[in-house]
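Below are the chains, spelled out letter by letter.
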Amino acid sequence: MAHAQHGQLSGSIKDSIAHSPIPFASVALIDDSGGISDGMIADSVGNFHFSKLKKGRYHVLIKFIGYNQKKIFVDIDGKGPVRLTDIILSSTNNRLAEVKITGAVGTQKHTGDRQTYQASQYKNAIGGTALDIVKNLPAASVDVNGNISMRGDAGVIVLINGKPSFLDPVTILNQIAANDVAEVEYITSPTAQFDPDGKGGIINLKTKKNTADGLAWTVNLQGGLPSIDNYDNHDSQKRFGADISFQFKKNKLELNGSANYLRNDNAGFREGDVYTIIGDKQTFFPSKGERSFDKYNYGARLNAAYEITKEHQVNLGILASRKFQDRLADIYYTNQTIQPSTGKQISSIDYFNSNLQNKQGAFYLIDFSYQYKINEDHALQLGAIYEYADIYGSTKNANIEEDKDTIQKTINNYANPLHGLRLSVQHSWKLQDGVLLSGYQLRNDRQKGNFMYFAREKGSNTDELIPEFTGQLNANNTVHAFFSQYDRKLQRTQFSLGLRYEYYQRDVLLVNKGKEYPYSVHQLYPNFNLVHDLGKGWLWKLAAARRVQRNNNFELNPIPEREHSETLEQGDPKLLPEFTTNLETGLVKKIGGGNIFLNTYYQHTKNPIQRVNSVYADTILNRVFTNADYASRWGMEMGGEGKLLPWLKLNVGFNLYDYKISGQVLMDPETRTNNDWVYSLNAGIQADFSKDCSTGLQVNYLSEKPTVQGKDSRFITPHFNLSKGFLKGIIKAQLQWQFIELGNWGVNEQRITTSSNDFFTTTNYIYEKNVFLINLNFNFHKLNQLLKLPKSEFGEKEF
């Protein structure tokens, strides 16, 4: 019961798990007769405010998709304002100790700038990593090499509980266990307080937390059955893993952490066809052979939050992990060189190339933040993140004739450690009808890479250093950012308007040659978001933003690397960042326990980065990064989730866009343009036969996609799962059947094709199909309940 002294009433709405604001929730003020006296949508930080209220007794009814509604009674006597602070809403899928929940569970939520998905709906991700969850989102697609795109765009930024990292998205997603993720946010139009990096948007992983005092922890074990077909690979594949996670809450202290280990080898095969033309000489070198991966990663994560007083709160996060990958390509080549003018054969040779590429690294991150609530209207937040990554590896090549004579042996060794620092200060000012958020952010990362190339020719016993492919590269990136974001709410409409200013300075130094490649730029990044409640369960969204995709240091590195026998790979220190303008609008409709949505979008990109090929030698292609002139895409995404039958759930997402890219490629004076329609489909169906038994099927499909020099073929991966619970849910067993292949569907394989006037190359990458995994999950929180072990009396009562 809350009492006000005159006709003003305000409050703030928060999530029970993350304690973060719930934006755009519906707030209704209902009088004693049951009629709606007033209503509105909360703003982007979960605040609402009613004024000029008549005296009387009311109750405030708060609703939002995916949350349990809440009712609070209020007496208005006309003598003073009242504020209801921290109104907590719990997700409809929270596990309650003594209450049996029936009815639909919302697994998706849509707000003005983001889409939120419950991780638990993607059963085939159990035992895997966060990447196995993200690839099922409606706008997501993953290619044969594990690269993730959102709405067809590979420029994606990944956050963990709202905190950024300097690492690439795939590396971050592979460091977090899927069982540790509670939900995933896809932020399509980020506001000004977020980095403008990531033209494809932002993925924010929210890890699991406890909602009531006590300790809960789970253990998951995974093992893989022997390979059905390993393509006669040299080594057998190993697949096993384990992860453990806990959540602890007591009074003002919250702790949550996890540790995981995952070994996930992958058998594979590749077949390719290549030719080059140099003058009046054409060389063909078709190939086929093993392309397999041995890989593992392990790590630990700990987050702590402590409320010193109601005004002061501190948070500390620590992450430590390690990643290892060996890629073995044992390829047989059949080379033939002819004279095109006469058709005469000049030479032919068959040889075997063994190529072992190793990549590994140790990753450490520490994150500290402090929040100070100055008063009811003003709050200050300070933050610091330090990150260190020890990245190193090698590439070993051996060309062997007649399976015995090594005619050439090469090795690339590199060490490229990274240091990163972020500092931030942010001020929040609650105005009468809105919120003004302003702040400053500093971001710096630096790498000092050492790259060495050795070669040993036939008849020699020593490795010689090759200066042309050896060097040291220092890269330093600094961003100073000032931002301001204003959020305003009207009766049924909420809008956000923001502006971010950044000064970006990039310094690349090729140490061994004494060459410097400086670049700096001042840029403004405006954004606008609007959401309007149309009534009857309909919501309309409109958003616009300007974003940037900055070059990573790998793309800037001009030191050539012999990736394998037929490829020499290098970057360009003169690359320009990509600048992107995004526009989107959409509708969301709530239907029963689910919802459907439709979004349309447009994106225009200046200086899009492409990886293109040119002829380096008769049997070697030079693969380099370059800027095209522009790229554009018009697109539409639609999807939803709901129950077809009381026991049958469906989630589906479809993305369709027209992609066009144009520009000059390297020294070619002609402008090349490639244009085509691309679509992707992610769909899943889950059948609950009983409380403890379920089965499901998930399909991910990506259509053929154009590139500036060619195209990538379609890519499809279907997965099946069967789950059974025991001992009232304490133990869950699951069988996963990944990459289902029952004929000749071309599952888990993709062909990459590029060409120009002096070369043609096409390679089909084929990876393991029909992979079977078994998972065992132990929920010790439920075990404690079943055994009636000692527990918190007051904490359980409050829960």
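What about the sheet that holds strand β10 (residues 114-118)?
Whenever strands of a sheet pair, they do so through backbone hydrogen bonds, lying parallel or antiparallel.
Argument step 1. Strands sit in the order β9-β10-β14-β15-β13 across an open sheet of five strands; the sheet is mixed. Here the strands that pair on one side only, and so sit at the sheet edges, are β9 (108-110) and β13 (157-160). When the angles between neighbouring strand axes are averaged without regard to direction, this sheet yields 20°.
Argument step 2. As defined by bridge partners, β9 adjoins β10 across three bridges and the pair is classed as antiparallel. Note on β10: the bridge partner recorded for glutamine 108 is tyrosine 117.

Remarks on the sheet that holds strand β2 (residues 9-15)
Argument step 1. With mixed pairing, the three strands of this open sheet are ordered in space as β5-β2-β8. Across the chains shown, the open sheet's two edge strands, defined by having one partner strand only, are β5 (47-50) and β8 (82-89). Averaged over all pairs of adjacent strands, the angle between their axes in this sheet comes to 20°, without regard to strand direction.
Argument step 2. In this sheet, β8 lies alongside β2 in parallel orientation, the contact comprising six bridges. Note on β8: the bridge partner recorded for serine 10 is arginine 83.

Remarks on empty space enclosed by the protein
Argument step 1. Under the criterion given, the structure shown has nine cavities of 30 Å³ or more.
Argument step 2. Considered as a void within the structure, the second largest cavity measures approximately 160 Å³ in volume.
Argument step 3. Considering the residues around the second largest cavity, the lining is formed by 16 residues, among which Arg151, Lys199, Asn582, Tyr601 and Gln603 are closest to the centre.
Argument step 4. Among the residues making up the lining of the second largest cavity, the classes are represented as six nonpolar, six polar and four charged.

Structural notes on the pairing of strand β18 (residues 253-264)
Argument step 1. With twelve bridges connecting them, strand β17 (residues 239-250) and β18 associate as antiparallel partners. Among the inter-strand pairings, arginine 239 is bridged to a residue of β18, identified as asparagine 264.
Argument step 2. Taking the residues between adjacent antiparallel strands as the criterion, β17 and β18 are bridged by two residues, where asparagine 251 takes a positive phi near 55°.

Here's the deal with unusual backbone geometry
Argument step 1. Even without being a glycine, phenylalanine 24 presents a positive backbone phi close to 65°.
Argument step 2. Topologically, phenylalanine 24 is positioned in the loop between β2 and β3 (26-31).
Argument step 3. Phi at lysine 536 is positive, roughly 55°, even though this residue is not glycine.
Argument step 4. Summarising the element assignment, lysine 536 is placed in the loop between β31 (515-535) and β32 (538-549).

Thoughts on the pattern of salt bridges
Argument step 1. Applying the stated rule across the entire model yields 33 salt bridges.
Argument step 2. The partner of lysine 14 in a salt bridge is aspartate 86, with the nearest N and O atoms 3.3 Å apart. Of this pair, lysine 14 sits in strand β2 while aspartate 86 is found in strand β8, placing the two residues 72 residues apart along the sequence.
Argument step 3. The exposure class of lysine 14 is partly exposed, given its relative accessible area of 25%.
Argument step 4. According to the relative accessible area criterion, aspartate 86 is partly exposed, its value standing at 41%.
Argument step 5. When salt bridges with common partners are traced through the structure, they connect Asp195, Asp197, Arg422, Arg443, Arg500, Glu502 and Arg550 into a single cluster.

Looking at a nonpolar patch on the surface
Argument step 1. Taken together, the side chains of Leu302, Leu316, Ile318, Ile366, Phe368, Tyr386, Leu421 and Leu423 define a hydrophobic patch exposed on the protein surface, amounting to about 640 Å² of accessible area.
Argument step 2. Breaking the nonpolar patch down by element, the ones donating at least two residues are β22 (312-339), β23 (344-373) and β26 (418-430).
Argument step 3. Given a relative accessible area of 38%, isoleucine 318 falls into the partly exposed group.

Observations concerning the side chain of lysine 135
Argument step 1. Within the secondary structure layout, lysine 135 lies in the loop between α1 (130-134) and β11 (140-142).
Argument step 2. Each residue touching lysine 135, except ones within four places of it in the same chain, is listed here: Ala140, Val142, Asn682, Asn700 and His719.

Quick look at the environment of methionine 452
Argument step 1. Structurally, the position occupied by methionine 452 is in strand β27 (residues 434-457).
Argument step 2. Between the C-alpha atoms of methionine 452 and isoleucine 559, which are 107 residues apart in sequence, the distance is 9.5 Å.
Argument step 3. In contact with methionine 452, not counting residues within four places along its chain, are Ile411, Asn412, Asn413, Leu465 and Thr470.

Description of the nonpolar core
Argument step 1. In this structure, Leu137 and Ile203 are the most contacted members of the largest nonpolar core, which totals 38 residues.
Argument step 2. For this core, the secondary structure elements donating two or more residues are α1, β11, β12 (148-150), β13, α2 (169-175), β14 (181-187) and β15 (202-207).
Argument step 3. With four residues, the top contributor of residues to this core is α1.
Argument step 4. Setting aside chain neighbours within four positions, we find isoleucine 203 in contact with Val134, Ile148, Met150, Val156, Ile157, Val158, Leu159, Val184 and Glu185.

Thresholds, definitions, all that
Residues numbered from 1 in each chain as written. Predicted model: local features only at pLDDT ≥ 70, side-chain atom pairs only at ≥ 80, totals over all residues. Heavy atoms only, no water. Pairing = 2+ DSSP bridges. Helix = DSSP H or I, 4+ residues; strand = E, 2+ residues; numbered from the N terminus. Axes fitted to C-alpha atoms, helices over the stretch in contact; angles between N-to-C directions. 1 Å grid on protein atoms, 1.4 Å probe; cavity = no way out; pocket = protein on both sides within 12 Å on 5 of 7 lines; lining within 4 Å. Points joined across faces, edges and corners; volume = space filled by probe spheres on them. Nonpolar A, V, L, I, M, F, W, Y, C, P; charged D, E, K, R; others polar. Salt bridge = Lys/Arg side-chain N within 4 Å of Asp/Glu carboxyl O. Buried < 20%, exposed > 50% of the residue type's maximum accessible area, 1.4 Å probe, protein only. Patch = residues over 30% accessible without salt bridge, like charges linked within 9 Å, V, L, I, M, F, W, Y side chains within 5 Å. Areas by Shrake-Rupley, 256 points an atom, 1.4 Å probe, with all protein chains shown as cover. Contact = heavy atoms within 4.5 Å. Core = buried A, V, L, I, M, F, W, Y, C linked by side-chain atoms within 4.5 Å.

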